[in-house]
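Working through the structure, step by step
Below are the chains, spelled out letter by letter.
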Amino acid sequence: MFGGRSDLPLKGDVTSRYLPWLVALMVFLAAVSLVAVFVLNGVVESWNRDVSGTVTVQVVPAGDKAGTDRRVQQAVAFMRGVPGVVSVKPMSRDKMVALLTPWLGSSTVIRDLPLPRLIDVTINPDAVGDLVRVGISLKQSVPGATLDDHRRWLARLITVSRSLEALALGIVVLVGMVTASTVVYATRSNLAVHGDVIEVLHLVGATDDYIARQFADRAFSLGFGGGLIGLALTVPAMSVIAWLAHGAQGGFIPRLTLPLIGYLAVALLPVAAALLAMIAARATVRGTLARLP
Amino acid sequence: MRQRTKAEDIVRLEGIGLRYGPGPEVLQDVHMALPTGSFHFLTGASGAGKSSLLRMMFLGLRPTRGRVMLFNHDTAQTRRADLPALRRRIGVVFQDFRLLDHLSALDNVALPLRVRGVKESEIRKHVPELLSWVGLADHLRARPPTLSGGQKQRVAIARAVVGRPDLLLADEPTGNVDDQIGMRLLYLFEELNRLGATVLVATHNETLVERFTHYPRLHLENGLVQKVW
Ligand SMILES: Nc1ncnc2c1ncn2[C@@H]1O[C@H](COP(=O)(O)OP(=O)(O)OP(=O)(O)O)[C@@H](O)[C@H]1O
Ligand SMILES: [Mg+2]
């Protein structure tokens, strides 16, 4: 398919035996890292969406139901008066029971618990003021009411996730560098081994580019082959991870999904590896030959 | 030999001195010129420096001093990027053949055409034809290590002439063949010369040279080139 005919005895040499496997490993690592980047990015985005628009008010139950209801009404009224608040909606007891059932089991048990009451508050993040101050004055005016701003602790999680993303991207870059420098060294040693052949090619009128192209074609096909192997290894590995992750999601871990662009990026990795190998080989040959007398 | 300065000299050596490393001077003060379309023999004892002289003409070696003019280019001023274009005008039969062992006879001969970007259909037409002419029709697919010395030599000659060079430099091109094939190969060079190529044949095969006394003979001795006839 690529570089069918070659004037250089490059077939079956050491490079063609180990380079594809190295590229396969590199593509595998890059694929896993890329998947991590895209999935984490999705998680962070969904957190961001959840977090920026809502806060929750929690009301500790008073001695009796009527007292608790009164507190809830007071808290709702208070929150409605805060500038930037779009809507205030007390969560029904049934919905809370439904939410807690998976965690605590039987709903009859939950029904008897003195559960705190929750109020969903939708805010306009741009218009709302300092939520910490709002929380303090809420606590003073309505006994047992606290404002739970998800943002503070989620912000920390987001920071952690973003660092993980950066780390994974760093791995992709590093993998690219390792691949490129391996190709550079392999090409250099090939050039040295086949010095006499290259001399003959020059003497019959070959340009440096003609010779470089042969090495580049070879590097491309080795890189592409290796990349396909790497991709083939990625599919089962990611399926296992996805299966394990499926059990973990729920609660504040949103559904883990790989966006279409993620699939595309991973699928293009063999091509990227092949192009990288090709460019590295070509540049090495041209650089080395240009230094000849 | 008298120094020429005519523009139509394809090769002109001016005051060439050559030494390898700290060794003695192999060439001392060589002045010679190959006019366009000429045919010369270059003779000299073994070790006289014939191959060294040729090597400078195909840009494989720089002189220690003096000037090598090739197609009216001063080779000392030639940029690396311009070398391929010059070399494509030169066909060389190396004394040690320099065939590529991993390629078939056919691919070896095709090499100068391939580096020029000649179409494969042309190559498949002309190269086998040329190989049959040098008597290797049955060895198109053979690799050099499986060929005899004389067969390798003929592959090397075919490779040198396949690109219709303006300048043909043949270093001992009949060293491994009997006189009959030797004559046949020289007729090939003559044919090429008739078509316009400038030819220089280095050899110490006296019998062969004696048969072609109509061509001038340059003799290399003590680092100097003299015209014998
Ligand atoms: N690469 C080299 N390094 C050092 N000395 C060399 C080298 N090539 C040739 N010489 C020396 O230069 C001299 C001329 O060698 P050259 O090969 O030009 O002779 P020649 O006339 O072609 O001989 P022959 O007829 O045997 O082929 C010899 O003394 C040889 O030892
Ligand atoms: Mg010689």
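No experiment lies behind these values; they were computed from the predicted model shown. (Residues numbered from 1 in each chain as written. Chains lettered and ligands numbered in written order. Predicted model: local features only at pLDDT ≥ 70, side-chain atom pairs only at ≥ 80, totals over all residues. Heavy atoms only, no water.)

1. Considerations on the interface of chain A and chain B
Stated formally: Note on definitions: a residue-residue contact is assigned when non-hydrogen atoms from the two residues lie within 4.5 Å. The salt bridge criterion pairs a side-chain nitrogen of Lys or Arg with a carboxyl oxygen of Asp or Glu, the two atoms within 4 Å. Contacts described as polar in this section are N or O atom pairs within 3.5 Å, which, within protein, must combine one atom able to donate a hydrogen with one able to accept it, while residues neighboring in sequence count only if both atoms come from side chains. Only DSSP runs of H or I with at least four residues qualify as helices, and only runs of E with at least two residues qualify as strands; both kinds are numbered from the N terminus onward. Classification convention: Asp, Glu, Lys, Arg as charged; Ala, Val, Leu, Ile, Met, Phe, Trp, Tyr, Cys, Pro as nonpolar; all other residues, Gly among them, as polar.
At the interface, 21 residues of chain A touch 17 residues of chain B. Note that Arg98(B) and Glu199(A) form a salt bridge whose closest N and O atoms lie 3.3 Å from each other. Our enumeration of links across chain A and chain B arrives at five residue pairs in polar contact (both at pLDDT 80 or more). Residue assignment for the side of chain A that touches chain B shows that the elements contributing at least two residues are α7 (195-203), α8 (208-248) and α10 (269-290) of chain A. Broken down by element, the residue count for the side of chain A that touches chain B peaks at six residues, all from α7(A). The residue makeup of the side of chain A that touches chain B, split by class, is 13 nonpolar, four polar and four charged.

2. Comments concerning empty space enclosed by the protein
Rule in force here: As defined here, a cavity is a set of points on a 1 Å grid over the protein atoms alone where a 1.4 Å probe fits but cannot get out. A pocket is an open set with protein on both sides within 12 Å along at least five of seven lines, and residues line them when an atom is within 4 Å of a point. Grid points are joined across faces, edges and corners, and a volume is the space filled by probe spheres set on the points.
Under the definition given, this model contains two cavities of 30 Å³ or more. What lines the largest cavity is a set of 15 residues, among which Val204(A), Ile90(B), Gly91(B), Pro112(B) and Arg159(B) lie closest to the centre. Going through the elements one at a time, β6 (90-93) and α5 (149-161) of chain B are the ones with two or more residues in the lining of the largest cavity. Here the residues of the lining of the largest cavity are counted per class, giving nine nonpolar, two polar and four charged.

3. What about the sheet that holds strand β10 (residues 224-227) of chain B?
All names here are of chain B. Under the convention used in this document: Strand pairing is assigned whenever DSSP detects at least two bridges linking the two strands. Convention adopted: a line fitted to C-alpha atoms gives each axis, helices being fitted over their contacting stretch, and angles between N-to-C directions are expressed from 0 to 180 degrees.
Pairing in this open sheet of six strands is mixed, and the strands run β6-β7-β8-β3-β9-β10 from one edge to the other. Because the sheet does not close on itself, it has two edges, and the strands there are β6 and β10. Recorded for the sheet is a direction-independent mean angle of 20 degrees between the axes of neighbouring strands. As paired strands, strand β3 (residues 39-43) and strand β9 (residues 217-221) are joined by three bridges and run parallel to one another. In the strand pairing of β9, Phe-41 is matched with Arg-217. Seen against the sheet, helix α1 (residues 50-57) touches β3, β6, β7 (167-171), β8 (198-202), β9 and β10 and runs at an angle of roughly 155 degrees to β7. Against the sheet, α5 makes contact with β6 and β7, and its axis sits at roughly 175 degrees relative to β6, the strand it touches most.

4. Brief notes about the coordination of the magnesium ion (ligand 2)
Metal coordination angles in their ideal form are 109.5 degrees for the four-donor tetrahedron and 90 or 180 degrees for the six-donor octahedron. Note the threshold: Here the coordinating atoms are restricted to nitrogen, oxygen and sulfur within 2.8 Å of the metal centre, or 3.2 Å for Na, K and Ca, and because water is not among them the sites may look incomplete.
For the magnesium ion (ligand 2), the full set of protein donor atoms is Ser51(B) (OG) and Gln95(B) (OE1), at a range of 1.9 to 2.1 Å. Residue Ser51(B) is located in helix α1, and its partner Gln95(B) is located in the loop between β6 and α3 (105-115); the two are separated by 44 residues in the primary sequence.

5. Details of the packing of aromatic side chains
Residues and elements named next belong to chain A. Selection criterion: We call Phe, Tyr and Trp rings a pair once their centres come within 6.5 Å, taking the six-membered ring for Trp, and we label the pair stacked below 30 degrees between planes, edge-to-face above 60, and tilted otherwise. Note on classification: 1.4 Å probe, protein chains only; a residue is buried when its accessible area is under 20% of the maximum for its type, exposed when over 50%, partly exposed between these limits.
If you walk through the whole model with that rule in mind, you get seven aromatic pairs over all chains. Here the aromatic rings of Phe-220 and Phe-224 are separated by 6.2 Å at their centres, their planes lie at 10 degrees, and the arrangement is stacked. Residue Phe-220 and its partner Phe-224 are both found in helix α8; the two are separated by four residues, about one turn of the helix. Of the two residues, Phe-220 and Phe-224, neither departs from the other in class, the shared state being buried.

6. Concerning the pattern of salt bridges
In the structure shown here, the tally under the stated rule is 19 salt bridges over all chains. Here Asp209(A) makes a salt bridge to Arg282(A), at a shortest N to O gap of 2.9 Å. Here Arg282(A) lies in helix α10 and Asp209(A) lies in helix α8, a separation of 73 residues in the sequence. A salt bridge links Glu14(B) to Arg67(B); the shortest N-O distance between them is 3.0 Å.

7. Side note on the site of ligand 1
Residues and elements named next belong to chain B. Cut-off, in case you're wondering: The near set for a molecule or strand comprises every residue that places at least one heavy atom within 4 Å of it. Calculation of accessible area relied on Shrake-Rupley with a 1.4 Å probe; when residues are assessed, cover is drawn exclusively from the protein chains displayed.
As a structural note, the neighbourhood of ligand 1 is formed by 13 residues, with Ser-46, Lys-50, Ser-51, Ser-52 and Gln-95 the closest of them. At a separation of 2.9 Å, an oxygen atom of ligand 1 approaches a polar backbone atom of Gly-49. Here ligand 1 loses 60% of its free accessible area of 630 Å² to cover by the protein chains. In terms of residue class, the shell around ligand 1 is built from four nonpolar, seven polar and two charged.

8. A short note on the domain arrangement of chain A
The condition that has to hold: The split into domains, and so the bounds of each, comes from an automatic or database assignment of domains.
Domain annotation for chain A reports domain 1 (15-48 + 155-290) and domain 2 (61-143). With centres defined by C-alpha atoms, the gap from domain 1 of chain A to domain 2 of chain A works out at 51 Å.

9. Some words on the pairing of strand β1 (residues 54-59) of chain A
Residues and elements named next belong to chain A. Of the strand pairs in this sheet, β1 and strand β3 (residues 117-123) are connected by six bridges, and their pairing is antiparallel. Each residue of the ladder has a partner; that of Gln-58, found in β3, is Leu-118. Bridge count between β1 and strand β4 (residues 145-148): four bridges; the pairing is antiparallel. Bridge assignment links Gln-58 to a residue of β4, and that residue is Thr-146.

10. Examining helix α6 (residues 179-194) of chain B
One turn of an α-helix holds 3.6 residues; hence residues three or four places apart share an orientation. Residues and elements named next belong to chain B. Inclusion rule: What a helix is expected to span follows from its residue count: subtract one and scale by 1.5 Å.
Counted at 1.5 Å a residue, the expected span for α6 with its 16 residues is 22 Å, and the 22 Å between its end C-alpha atoms agrees. Among the residues of α6, those classed as buried are Gly-182, Met-183, Leu-185, Leu-186, Leu-188, Phe-189, Glu-190, Leu-192 and Asn-193. In the core, the buried residues of α6 are packed alongside β3, α4 (120-133), α5, β7, β8 and α7 (206-211).

11. Thoughts on the side chain of Thr187(A)
Residues and elements named next belong to chain A. Following the sequence through the fold, Thr-187 ends up in helix α6 (residues 150-193). Judged by its relative accessible area of 5%, Thr-187 falls in the buried class. Excluding its chain neighbours within four sequence positions, the residues that come into contact with Thr-187 are Phe-215, Ala-281, Thr-284 and Val-285.

12. Looking at the sheet that holds strand β2 (residues 25-35) of chain B
Residue and element names in this part refer to chain B. One open sheet accounts for four strands, arranged β2-β1-β4-β5; its pairing is antiparallel. If you trace the sheet from one side to the other, it starts and ends with β2 and β5 (73-74), each paired once. Running over the sheet, α1 touches β1 (9-19), β2 and β4 (65-70) and is turned about 55 degrees from β2.

13. Remarks on unusual backbone geometry
All names here are of chain B. Here the phi dihedral of Phe-71 falls at roughly 50 degrees; this positive angle occurs in a residue that is not glycine. In this structure, Phe-71 sits in the loop between β4 and β5. We note that Arg-98 has phi near 50 degrees; this positive angle belongs to a residue other than glycine. The class of Arg-98 is partly exposed, set by a relative accessible area of 21%.

14. Here we look at the pairing of β3(A)
Residue and element names in this part refer to chain A. Side chains of β3 alternate between two faces, with Arg-117, Ile-119, Val-121 and Ile-123 buried and Leu-118, Asp-120 and Thr-122 left unburied. Where strand β2 (residues 85-90) meets β3, five bridges bridge the pair, whose relative direction is antiparallel. Looking at β3, one finds that Val-85 is bridged to Ile-123.

15. Examining the nonpolar core
Test applied: Each nonpolar core is a collection of buried residues, namely Ala, Val, Leu, Ile, Met, Phe, Trp, Tyr and Cys, held together in the definition by side-chain atoms within 4.5 Å.
Membership of the largest hydrophobic core comes to 41 residues, with the highest contact counts inside it found for Val127(B), Leu131(B) and Phe189(B). Those elements giving two or more residues to this core turn out to be β3, α3, α4, α5, β7, α6, β8 and α7 of chain B. With near-sequence residues (within four places) excluded, Phe189(B) lies in contact with Phe39(B), Ile157(B), Val161(B), Leu168(B), Ala170(B), Pro173(B), Val199(B) and Val201(B). Residues Leu203(A), Leu53(B), Met56(B) and Ile90(B) belong to the second largest nonpolar core, which totals 33 residues.

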